[in-house]
Every structure is written in structure tokens, then in C-alpha cells.
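Here's the letter readout for the chains.
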Amino acid sequence: MNTAGHPEATAHRGLELTPFRGLRYDPDRVGSLAAVTSPPYDVVVRPDGLLHLESADPHNIVRLILPQAATPEARNDQAARTLRRWMAEGVLTADPEPGLYVYEQRDGDSMLQRGIIGALRVSDPSEQVVLPHEDVMPHVVADRAALMRATSANLEPLLLTYRGDGATTATTALVERTAERPPLLSTTTEDGFCHRLWSVTDADDVARVRSELAGLQALIADGHHRWATYRTLRAEHPSPSPWDHGLVLLVDTTRYPLRVRAIHRLLHDLPVGDAVAALEGRFRVRRLDTPLPEATAALAKAAEAGNAFLLAGDGAFHLVDRPDPGLLARTVPADRPEAWRALDATVLHATLLAHVWNVPDDSAAHVSYIHDTAATVEKAERDGGTAVLMHPVREEVVRDLARQGVTMPRKSTSFGPKPASGLVLRALDLEHESARDVR
């Protein structure tokens, strides 16, 4: 997204990507690289997914990003001790010199994504350099900040997208040229994705990338809470400091369009029967005794005409659509753009959760956010709650709202593929050491 056409952004610096000494697993010290990786912390379906990852390898990254102990303080202390031990034992080793990293994800012949991992300058929202499109939950930001403070590390990159649109020819050429070389690492995770990583340490190459990115904006595709955490921690440390930057993956979606998927809701304390009964006279509800693929196809068709949701948890599916216009007028805030007011996530949170079902959306005790459709249905059926399955919003809607400075309800979208956690970490202590060496 070029700053052209956004005069309020031209007075500010653009994307500033800095090389760093990546901290990576020594493949000779772990069972396999695939066995130590994990999806991002908020994609892991707990507890099933957590236990699966922990048992995959004693050094799986999930022991750092989702440490398990009796209290938050104990969890964070445990993660910090684990990280220090793995570094001391050589399980995690630092690359010898700072660099940017070209990262590739490939899903057979159906999906190819390449981007650049680096340490990005943390900017304020007023600069319109990094554009959020979703609200965040303060308790999640506090949780991530406590973990990063304890470990003094960025444990996993967040995903940002930019639109090269012909302005990043040198960066594009570098990414493609680098991908023809033998990689630092290559591994295939159990989801079928092949991951490859290369380092770029040549000063001229790095300078060209930094120069081209300096004229661009980026959209947060995945990692709003981690970006908010970066901003929190930057404010706590006098500049200049390693906390001025945060670990990111930047992808040019002009060349590599992302997949956009929905994030579903699991309402823990609301049985499906009660949820359906409360909708009478407010929405149209149709029971579907069909398999999940057919039910989601019906949801997609209904979403073409307006707001639509799929409820599950009692062995069937319930297609919810055609909301009462008067109900929407009374419950959806009128001080936002029409595109925001028409979002399914807006109607879900402002109308259904807040007014129809009276379910607080600010606590994991009431609502869980799950990326996997089948897992959401299974957990609802097992726990007696209600799964609310969503239809994904289009990427252009997300970007247009972000450019207007309008954030969507939390967990409105899931962009992917997301970078695997565990392939490269950023230890801030290494940058403190580098700064002392320079002095």
C-alpha cells in the first residue's frame, strides 16, 4: 500500500526493516525441525493441540509461546528459563551475523507464499505506517507483554502485508533470486506445508530492500495483539533500544495473495437450543441436517445476500440469516462507515452477543475464538455450548476500512498461510550484546 493518496502519511517515515541475528534450532540437537514448530500461539487449539505439540518433541516451540504452569508468573518464568537453557545447551543457536530472512511456504502446487522476515520499527497508529484492522483484547496484550518481558525475545513473527505495485522491483528480484539458492533450512510440517528459509546478509541487498520498503505502508494480516504488545514494550524502554523494533514477516500480496478465512466463535455457556429460541422473530433460522461441507456451502450462499451465520453444537446445523432491519438499526452503532456496519462480525458482536444472547465478548470464560471449523463444531458438541461459524470477509473490504482508520471487531478475519513459529526467533539480548561490541 503506497502512501500516495494519503497525504497525512507522507510526513512520516515508512516501513523500516532492520537485519537481526536470528536464533534458530540446531537440526542436530532436535528430532526434526517439523517436530519443533507450531502454529502461532493463538491458533493452537487448547488443550488438545497443545498436548499434541508438547509430545511431538521436548523442544517444541510451544513450550516457549504457551508455557504451562499454575500461575501467569510461573508460566513466564518457566519460558524464560527454558529459553536460556536451550541457548546454553546449543539447542537454539544465533546466526553469526545480522541479516534479513527470505521465507517460503508452499502447499504442493496450490499455494506459494514468499516474504521477508526482519525487525520492523514499531510505529504509532498516527503515522499510518502499520495499519491495524481489528480491535484487541487488553488482557491478551498484557499476557503477551509479560511473556516477552520475561524472555526478552520476540518468539514468533507476526504477518504483515504490503502492496508492491511495481515499486519494489529490487525486493521482488532479491526474494526470487534467493529462493533459487540452497536454503538454511527446509522442513514439511504435518499440515502439508513445506517451509524454507534463507538469510540475506549482503549490505547492498539489505540497503535496497530497506530503501524500497521505506515508501510503503503495511496491513496487519495476523498478529494484532503482538503488534500492540510491541508498542507497549517500546513505550516502557527509553529509545534507542532493541524494543524499538519487533519481529515481522512482510509479504507483497500483489505477487502473493493471501487466503482469507473466518475465525469462529465458541459460546461456552449458551446451549444451541437457547441460542435458537432467542432468535425467534429477530432472524430467520433454518435447521440443516447435512454434513459440515454442505452446511458451510449453504452459509456461503446465504452470505451473498446479507448477514448469515451457522450455529452448531447439538448434532445439526442451524442457518441464521435475514436479520430484522429494525433490530440492526437499534443495536449496530451508526457512527461508522456502512461497510463496517454491514460486517457479519459487527452484527454478531453488537446485535447477537450484546443484545440477543447477552454474552460478554471480552472474556475467554464466555467466548473462545477458534480458526478450525471442524474443531469448533466438535468442541461445541462435546462441551454443550454453541459454535457460531462465520463466513470470511473479502480482503479488499479489510484494507479499505483499515485505510479509513476503522477497526473491525476482534478476530474478524484469519489471513494465511501464517508463518510457522519456531523457524527463526529474535533474542533481544543478542542485540544488546551487539551494541556493546560496537561501543
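Residues numbered from 1 in each chain as written. Predicted model: local features only at pLDDT ≥ 70, side-chain atom pairs only at ≥ 80, totals over all residues. Heavy atoms only, no water.

### Some thoughts on the overall build of the chain
Consideration 1: From N to C terminus, the chain includes 17 helices and 21 strands.
Consideration 2: A compact globule built from 439 residues would reach a C-alpha radius of gyration of about 22 Å, and the chain, at 22 Å, matches this within 12%.
Consideration 3: With the principal axes as the frame, the chain shows a C-alpha extent of 70 × 50 × 45 Å.
Consideration 4: Summarising the internal contacts of the chain: among those between residues at least 6 apart in sequence, 80% fall at separations of at least 24.
Consideration 5: Put simply, the chain shows about 18,300 Å² of open surface, and 50% of that area lies on carbon and sulfur atoms.
Consideration 6: Computed over 48 positive and 60 negative side-chain charges, the inter-centroid distance for the chain is 2 Å. (Helix = DSSP H or I, 4+ residues; strand = E, 2+ residues; numbered from the N terminus. Rg over C-alpha atoms; globule rule 2.2 N^0.38 Å. Contact = heavy atoms within 4.5 Å. Areas by Shrake-Rupley, 256 points an atom, 1.4 Å probe, with all protein chains shown as cover. Lys, Arg positive; Asp, Glu negative; His and termini not counted. Charge placed at Lys NZ, Arg CZ, Asp CG, Glu CD.)

### Focus on the packing of helix α5 (residues 72-89) against helix α6 (residues 138-151)
Consideration 1: Relative orientation of the contacting elements α5 and α6 amounts to 35°, with a least axis distance of 8 Å. The interaxial crossing formed by α5 with α6 has right-handed handedness. Where α5 abuts α6, its residues N76, A79, A80 and L83 lie against A146, L147, A150 and T151.
Consideration 2: Tallied by class, residues from the contact of α5 with α6 come to six nonpolar, two polar and no charged. (Axes fitted to C-alpha atoms, helices over the stretch in contact; angles between N-to-C directions. Left-handed = near helix turned anticlockwise from the far one by under 90°. Nonpolar A, V, L, I, M, F, W, Y, C, P; charged D, E, K, R; others polar.)

### Digging into the nonpolar core
Generally speaking, nonpolar side chains in soluble globular proteins are found buried as a group.
Consideration 1: Within the largest apolar cluster, 113 residues are counted, with the highest numbers of intra-cluster contacts made by L15, Y25, I117, L160, L250, F309 and W357.
Consideration 2: The element best represented in this core is helix α14 (residues 344-356), accounting for seven residues.
Consideration 3: Setting aside chain neighbours within four positions, we find W357 in contact with L267, L270, A275, A278, L279, L311, L348, L352 and V388.
Consideration 4: Among the nonpolar cores identified, the runner-up in size contains 16 residues, and L266, L288, A312 and A380 belong to it. (Core = buried A, V, L, I, M, F, W, Y, C linked by side-chain atoms within 4.5 Å. Buried < 20%, exposed > 50% of the residue type's maximum accessible area, 1.4 Å probe, protein only.)

### Quick notes on the confidence of the model for the chain
Consideration 1: The pLDDT averaged across the chain works out to 91; a share of 95% of its residues lies at or above 70.
Consideration 2: Low pLDDT, under 50, characterises residues 1-11; the predicted model gives this stretch 27 contacts beyond four residues in sequence or across chains.
Consideration 3: Ignoring residues within four places in sequence, the model shows residues 435-439, a span with pLDDT below 50, making zero contacts including any to other chains. (pLDDT = per-residue confidence, 0-100.)

### A closer look at the packing of aromatic side chains
Consideration 1: Evaluated as defined, the whole model comprises three aromatic pairs.
Consideration 2: Sitting above the plane of the Y41 ring, R144 keeps its charged end 4.0 Å from the centroid.
Consideration 3: Taking NZ or CZ as reference, R336 lies 4.5 Å from the ring centre of W340, over its face. (Phe/Tyr/Trp six-rings, centres within 6.5 Å; stacked < 30°, edge-to-face > 60°. Lys NZ or Arg CZ within 6 Å of the ring centre and 35° of its normal.)

### Quick word on the side chain of E134
Consideration 1: Examined against the element boundaries, E134 turns out to sit in the loop between β6 (130-131) and α6.
Consideration 2: The buried charged residue E134 lacks any salt bridge, with K411 as its nearest oppositely charged partner at 6.0 Å.
Consideration 3: Of the polar contacts made by the side chain of E134, one reaches the backbone nitrogen of S412; its length is 2.7 Å.
Consideration 4: Apart from the residues within four sequence positions on either side, E134 is in contact with H224, T407, M408, P409, R410, K411, S412 and T413. (Salt bridge = Lys/Arg side-chain N within 4 Å of Asp/Glu carboxyl O. Polar contact = N/O pair within 3.5 Å; in protein donor to acceptor, adjacent residues only side chain to side chain.)

### Digging into the side chain of E54
Consideration 1: You can see E54 is positioned in helix α3 (residues 48-56).
Consideration 2: Buried charged residue E54 carries no salt bridge. Nearest counter-charge: R63, at 4.5 Å.
Consideration 3: Apart from the residues lying within four places of it in its own chain, the contact partners of E54 are V62, R63 and Q68.

### A few points about the sheet that holds strand β17 (residues 317-321)
Consideration 1: The antiparallel open sheet is built from six strands, whose spatial order is β15-β17-β16-β19-β14-β18. Single-partner strands in this sheet number two, and they are β15 (284-288) and β18 (367-370). Along the sheet, successive strands turn relative to each other by an average axial angle of 25°, direction set aside.
Consideration 2: Pairing of strand β16 (residues 308-312) with β17, which is carried by five bridges, proceeds in the antiparallel orientation. By the bridge assignment for β17, A312 is matched with F317.
Consideration 3: Contacts from α14 reach β14 (264-267), β16, β18 and β19 (386-389) within the one sheet, and its direction differs from that of β16 by about 60°. (Pairing = 2+ DSSP bridges.)

### Re unusual backbone geometry
Consideration 1: Going from S239 to P240, the amide bond is cis rather than trans, its omega being 0°.
Consideration 2: Structurally, P240 is set in the loop between α9 (224-236) and β12 (245-252).
Consideration 3: Omega for the bond connecting G416 with P417 falls within 30 degrees of zero, at 5°, which places this linkage in the cis form.
Consideration 4: With respect to the secondary-structure elements, P417 resides in the loop between β20 (414-416) and β21 (426-427).
Consideration 5: The backbone phi angle of Q128 is positive, close to 55°, even though this residue is not glycine.
Consideration 6: By relative accessible area, which is 15% here, Q128 ends up buried.
Consideration 7: A positive phi angle is found at N358, which is not glycine, with a value near 55°.
Consideration 8: Secondary-structure assignment places N358 in the loop between α14 and β18.
Consideration 9: Note on N358: relative accessible area 59%, which makes it exposed.

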